[in-house]
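Overview (structure and organization)
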Amino acid sequence: RLAELEEFVSGPNHAQIQQVGDRCYDAELYEAAKILFNNISNFARLASTLVHLGEYQAAVDGARKANSTRTWKEVCFSCVDGKEFRLAQVCGLHIVVHADELEELIRYYESRGYFEELINLLEAALGLERAHMGMFTELAILYSKYKPNKMREHLELFWSRVNIPKVLRAAEQAHLWPELVFLYDKYEEYDNAVLMMMAHPTDAWREALFKDVVTKVANIELYYKALQFYLDTKPMLINDLLLVLTPRLDHTRTVTFFIKKGRLLLAKPYLRSVQSINIKAVNEALNSVLIEEEDYASLRTSIDAFDNFDNIQLAQQLEKHELIEFRRISAYLYRGNNRWQQAVELCKRDHLYRDAMQYASDSRQSEIAEGLLAWFLEIKRNDCFAAALYSCYDLLRPDVILELAWRHNIMDFAMPFMVQVVREYITKVEKLLNKGEEEGEKQEQPMMMNEPQLMLTAGPGMVAPGMVPPGMMAGAMAPGMMPGMMPGAGGFYGQM
């Protein structure tokens, strides 16, 4: 009798249609309730009635007219239960814009296993004008659970619109290490980002990202943990890391770190780059590396350019080196520290004649130079004896040289030296004779009296020596001259 009911309510009546409709709805008389609710335009109840009748499209239309969140939820959930996901999505778009309702909607979908449909719903909702942070956050969490391959792309696009701490927890639970590092970086938790990359290098470590983030960490201990991490996993890239960390590292501690690990050779480019600071630990470390590589030319250059290291210790270390060039550097170091005798003895041991002569000359000590000459004679190196006479000429005593040459029957080798000495002595004697003659001539010249001072230049009461006026004898006074008066330039003036 639905037709009669419809005809009755469409005409004039005083029936309480709302109450009757509710009673029909409670009694599950949905067809009758549909007619009644439609008659009074109660679209909210009409939509609820239609979903029970399975008329989902009409229910969505009714919900649209009712425009009530409660109605949208009821219709949406009914559509989900009826697997009408397209219509459920239409309803869901009106629900997700309310942050308070979002969690219930997600729970309803998840509890029934409709993950794909839920993700599609939220993806469609991101373009809405009323899209809010909760939607982006929940979608990121859903990606971490069900579609981890899409989470990174989502975060790169919308990281600024998600609740990062909440997504961080979800990513950690899902073991999405690269996404976790990405979020730590954007959240400016650089220490955690570096620790995460070191803890999961296979998945999370990226060279460029690591070098960028590690320079921003607050805890400087992470620098040295990063160095250890590179030594363990990426030893050939450690100098790239050192390059970006150079302005922030304690170089002495860094050198000590590599020495303890026995990996100093790996850090050679770093040592060269920071040697310009002239730090003792760096200089000594680089010198030891060059010694190990047997690069004597670079070692000599380093020693000359940067002097902040233990010279004597290095000289003693090189003194016993198997290569002669390094022993030569040892003598050079002794020379630089004024240990002339040790430098010359080391050169004599290695038969470095030229260096020995140079160091003996630089020492400015006659004993060292004469000792070197005696040694040349012992080893029958008369040519070196002659060369040393030239190099150390001003340090040698002629009588000693003459005696050595005579005793060893090598006067020919000493003769140029003796000729030069005789020439020098003759020159000195001639200069002395000339100087004596000049002084004798000066003494023979007669003594010349100084020219008398003019009367005009003499002050009042002053008479220049030898300028007594004519006609005046010593002790006599000029006519009209009072006692105590002296003759002046224009007359006689009394002393005031």
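Structure: see above.
Now for a description of the structure that goes with this document. (Residues numbered from 1 in each chain as written. Predicted model: local features only at pLDDT ≥ 70, side-chain atom pairs only at ≥ 80, totals over all residues. Heavy atoms only, no water.)

A tally of regular secondary structure across the chain gives 30 helices and two strands. The burial tally for the chain puts 40% of its 496 residues in the buried class. Long-range contacts, defined as pairs at least 24 residues apart, comprise 51% of the intrachain contacts of the chain with a sequence gap of at least 6. Roughly 28,700 Å² of accessible area belongs to the chain as shown, and the carbon and sulfur atoms make up 52% of that amount. (Helix = DSSP H or I, 4+ residues; strand = E, 2+ residues; numbered from the N terminus. Buried < 20%, exposed > 50% of the residue type's maximum accessible area, 1.4 Å probe, protein only. Contact = heavy atoms within 4.5 Å. Areas by Shrake-Rupley, 256 points an atom, 1.4 Å probe, with all protein chains shown as cover.)

A word on the packing of aromatic side chains. Under the definition given, this model contains 14 aromatic pairs. Pairing Phe77 with Tyr108 gives two aromatic rings, centres 4.0 Å apart and planes at 10°, and the pair type is stacked. Linking Phe77 in helix H6 (residues 69–81) with Tyr108 in helix H8 (residues 99–111), this pair joins segments that are 31 residues apart in sequence. On the basis of relative accessibility, which here comes to 12%, the residue Phe77 falls in the buried class. Residue classification places Tyr108 among the buried positions, given a relative accessible area of 15%. Relative to Phe158, the ring of Phe136 lies with its centre 4.9 Å away and its plane at 45°, an arrangement referred to as tilted. Of this pair, Phe136 sits in helix H10 (residues 133–146) while Phe158 sits in helix H11 (residues 151–158); the two residues are 22 residues apart in sequence, bridging distant segments of the chain. Here a set of aromatic residues connected by ring pairs shows up, and it is made of Trp205, Phe210, Phe229 and Tyr230. One cation-aromatic arrangement involves Arg112 over Tyr108; the distance from NZ or CZ to the ring centre is 3.5 Å. Sitting over the face of the ring of Tyr332, Arg300 holds its NZ or CZ atom 3.7 Å from the ring centroid. (Phe/Tyr/Trp six-rings, centres within 6.5 Å; stacked < 30°, edge-to-face > 60°. Lys NZ or Arg CZ within 6 Å of the ring centre and 35° of its normal.)

Despite not being glycine, Asn278 has its phi angle at roughly 60°, a positive value. Mapped onto the fold, Asn278 is located in the loop between helix H20 (268–274) and helix H21 (280–292). In this structure, Lys380 is a non-glycine residue whose phi angle is positive, near 65°. Secondary-structure assignment places Lys380 in the loop between helix H27 (366–378) and helix H28 (382–391).

Let us now look at the pattern of salt bridges. One pass over the full model with this rule turns up 26 salt bridges. A salt bridge links Glu116 to Lys147; its shortest N-O distance comes to 2.7 Å. Taken together, the residues span a long stretch of sequence, with Glu116 in helix H9 (residues 115–125) and Lys147 in the loop between H10 and H11 at a distance of 31 residues. When its relative accessible area of 18% is taken as the criterion, Lys147 is described as buried. Measuring nitrogen to oxygen at the nearest pair gives 3.4 Å for the salt bridge that ties Glu424 to Lys428. Here Lys428 and Glu424 lie together in helix H30 (residues 411–444), a separation of four residues that amounts to about one turn. Taking relative accessible area as the criterion, Lys428 reaches 45% and is therefore assigned partly exposed. Because the salt bridges share partners, they merge into one network encompassing Lys73, Glu101 and Glu104. (Salt bridge = Lys/Arg side-chain N within 4 Å of Asp/Glu carboxyl O.)

Let us now look at the nonpolar core. Most often, soluble globular proteins keep nonpolar side chains buried together rather than apart. In terms of nonpolar packing, the biggest core is built from 136 residues, with Val75, Cys76, Tyr109, Phe210, Leu271, Phe376 and Phe385 touching the most fellow members. No other element matches helix H17 (residues 221–233), which puts eight residues into this core. With residues up to four places along the chain from it excluded, the contact list for Val75 reads Ala47, Val51, Ala59, Val60, Ala63 and Cys91. (Core = buried A, V, L, I, M, F, W, Y, C linked by side-chain atoms within 4.5 Å.)

Attention now goes to helix H26 (residues 353–363). Across the eleven residues of H26, eight count as buried, placing the element largely inside the fold. Considered for burial, the residues of H26 that qualify are Tyr353, Asp355, Ala356, Met357, Tyr359, Ala360, Ser361 and Ser363. Check the buried side of H26 and you find it contacts helix H24 (324–336), helix H25 (340–349), H27 and H28.

Among the structural elements, Glu179 can be located in helix H13 (residues 177–186). Despite its burial, Glu179 pairs with no opposite charge, the nearest such side chain being Arg152 at 5.1 Å. For Glu179, the residues in contact, after removing those within four places along its chain, are Pro148, Met151, Arg152 and Leu155. (Lys, Arg positive; Asp, Glu negative; His and termini not counted.)

Okay, the side chain of Lys268 next. The residue Lys268 is located in helix H20 in this model. The class of Lys268 is buried, set by a relative accessible area of 17%. A distance of 2.6 Å separates a polar atom in the side chain of Lys268 from a polar atom in the side chain of Glu293. Once residues within four sequence positions are removed from consideration, Lys268 is found in contact with Leu286, Val289, Leu290 and Glu293. (Polar contact = N/O pair within 3.5 Å; in protein donor to acceptor, adjacent residues only side chain to side chain.)

For the rest of this paragraph, the subject is the packing of H17 against helix H18 (residues 238–245). Helix-helix packing: each pair is described by the crossing angle between the helix axes and the interaxial distance. Two elements in contact, H17 and H18, have axes whose closest approach is 9 Å; the angle formed by their N-to-C orientations is 165°. Judged on the interaxial angle alone, H18 and H17 are roughly antiparallel. For the pair H17 and H18, the crossing hand works out as right-handed. Within the contact between the two elements, H17 uses Tyr223, Ala226, Leu227, Tyr230 and Leu231 and H18 uses Ile238, Leu241, Leu242 and Leu245. Partitioned by chemical class, the residues of the contact of H17 with H18 number nine nonpolar, no polar and no charged. (Axes fitted to C-alpha atoms, helices over the stretch in contact; angles between N-to-C directions. Parallel < 35°, antiparallel > 145°, perpendicular 65-115°, else oblique. Left-handed = near helix turned anticlockwise from the far one by under 90°. Nonpolar A, V, L, I, M, F, W, Y, C, P; charged D, E, K, R; others polar.)

What follows covers a negative patch on the surface. A cluster of acidic residues, Glu437, Glu438, Glu439 and Glu441, forms a negative patch at the surface. Looking at the secondary structure, you find Glu439 in helix H30. (Patch = residues over 30% accessible without salt bridge, like charges linked within 9 Å, V, L, I, M, F, W, Y side chains within 5 Å. Charge placed at Lys NZ, Arg CZ, Asp CG, Glu CD.)

Two elements in contact, H13 and helix H14 (residues 190–199), have axes separated by 8 Å at closest approach and are oriented at 160°. In this view, H13 runs roughly antiparallel relative to H14, as classed from their interaxial angle. Along this stretch, H13 crosses H14, giving a crossing that reads as left-handed. Of the residues in H14, those touching H13 at Trp177, Leu180, Val181, Tyr184 and Asp185 are Tyr190, Asn192, Ala193, Met196 and Met197. Partitioning the contact of H13 with H14 into residue classes produces eight nonpolar, one polar and one charged.

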